[in-house]
Amino acid sequence: MRFARAALLLLCFVSPVAADGRTDWNGYDWRGQPYGKCLEVDGQACLTHHGKWDWKRNQWVDVTYAPDIRGIDLALRLTNNDRKDDDWVCVTVLFLDAAGANLAAYHANLHIDPLSVVDDGARLSLPEAVQQRLARVDVGTKQCRKGRGQDDGVYAAVKARLPR
């Protein structure tokens, strides 16, 4: 009985960050901004993130999204300008409501060779009612030193908790 009370008490004090799944993603460098506030707009696409996955190298991640009434087209581009370094790169994108709860998520674990570009993305189907609740976009990046599949289990768990 004491364990049940302690668990219930703990649930009452869970922070919004813990509830939204970002704490599940170990080792990520997170950057966020309000939904719809773009770094740059190209036609209908919103550049929401431009940053390095390895701070000491000329290696870049760009994330754009383009919403419409059926959902969001999400695109990411890895650009590796390093002549010798290849990497596995993890990129996670979370679309959050005003309270910090996940409404949509995307995760990629991609390999990139030296002096190359890799494009990836997805169509996130979201009902209009869910889209109207979007308030924030958070992008997390890291070098995935364990290679292919790193954090796929975390992604599955986060997706399982998303509203339908």
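The structure under discussion appears in the preceding block.
Overview of the structure. What you are looking at is a predicted structure, and each value in this text was computed from that prediction instead of being measured.

1. Focus: the overall build of the protein chain
Alright, step 1. In terms of helices and strands, the protein chain carries 4 helices and 9 strands.
Alright, step 2. From first element to last, N terminus to C terminus, the protein chain shows the α and β order α-α-β-β-β-β-β-β-β-β-α-β-α.
Alright, step 3. Counted over contacts in the protein chain with a minimum sequence separation of 6, partners at least 24 positions apart contribute 64%.
Alright, step 4. Surface accessibility of the protein chain: about 9,500 Å² in total, with carbon and sulfur atoms responsible for 54%.

2. Overview of the sheet that holds strand β1 (residues 29–34)
Alright, step 1. As summarised here, the arrangement of the 4 strands in space is β1-β9-β6-β7, forming an open sheet in which the pairing is antiparallel. Looking at strand neighbours, the two that pair on one side only are β1 and β7 (102–112), the edges of this open sheet. Each adjacent strand pair in this sheet contributes to an overall mean axis angle of 15 degrees, direction not counted.

3. Looking at the sheet that holds strand β8 (residues 116–125)
Note on sheets: strands pair through backbone hydrogen bonds, and any given pair is parallel or antiparallel.
Alright, step 1. Spatially, β2-β3-β4-β5-β8 is the arrangement adopted by the 5 strands of the open sheet, whose pairing is antiparallel. Edge positions in the sheet fall to β2 (40–42) and β8, since each of these pairs with one other strand and no more. In this sheet, neighbouring strand axes are inclined to one another by 25 degrees on average, regardless of whether the strands run parallel or antiparallel.
Alright, step 2. Sheet topology places strand β5 (residues 71–80) next to β8; 10 bridges connect them, and they run antiparallel.

4. Structural notes on the packing of aromatic side chains
Alright, step 1. Evaluation of the coordinates by the stated rule reveals 5 aromatic pairs.
Alright, step 2. Ring geometry for Tyr35 against Tyr65: centres 5.2 Å apart, planes inclined by 15 degrees, an arrangement best described as stacked. Of this pair, Tyr35 sits in the loop between β1 and β2 while Tyr65 sits in strand β4 (residues 59–68); the two residues are 30 residues apart in sequence, bridging distant segments of the chain.
Alright, step 3. Assessed through its relative accessible area of 2%, Tyr65 is described here as buried.
Alright, step 4. Centroid distance Tyr65 to Phe95: 5.6 Å. Interplanar angle 90 degrees. Geometry classified as edge-to-face. Taken together, the residues Tyr65 in strand β4 and Phe95 in strand β6 (residues 87–96) connect sequence positions 30 residues apart.
Alright, step 5. Since its relative accessible area comes to 0%, Phe95 is described here as buried.
Alright, step 6. Each member of the aromatic cluster is reached from another via a ring pair, and the members are Trp25, Tyr28 and Trp30.

5. A word on the pairing of β4
Alright, step 1. With 6 bridges connecting them, strand β3 (residues 45–52) and β4 associate as antiparallel partners. Paired with Lys52 across the strands is Trp60, a residue of β4.
Alright, step 2. A loop of 6 residues connects β3 with β4, the two strands running antiparallel in sequence.
Alright, step 3. Relative to β5, β4 runs antiparallel, the two being bridged by 10 bridges. Bridged to Pro67 within β5 is Ile72.
Alright, step 4. Remark: 2 residues form the turn of the hairpin made by β4 and β5, two consecutive strands paired antiparallel.

Rules used in this analysis
- Residues numbered from 1 in each chain as written.
- Predicted model: local features only at pLDDT ≥ 70, side-chain atom pairs only at ≥ 80, totals over all residues.
- Heavy atoms only, no water.
- Helix = DSSP H or I, 4+ residues; strand = E, 2+ residues; numbered from the N terminus.
- Contact = heavy atoms within 4.5 Å.
- Areas by Shrake-Rupley, 256 points an atom, 1.4 Å probe, with all protein chains shown as cover.
- Pairing = 2+ DSSP bridges.
- Axes fitted to C-alpha atoms, helices over the stretch in contact; angles between N-to-C directions.
- Phe/Tyr/Trp six-rings, centres within 6.5 Å; stacked < 30°, edge-to-face > 60°.
- Buried < 20%, exposed > 50% of the residue type's maximum accessible area, 1.4 Å probe, protein only.

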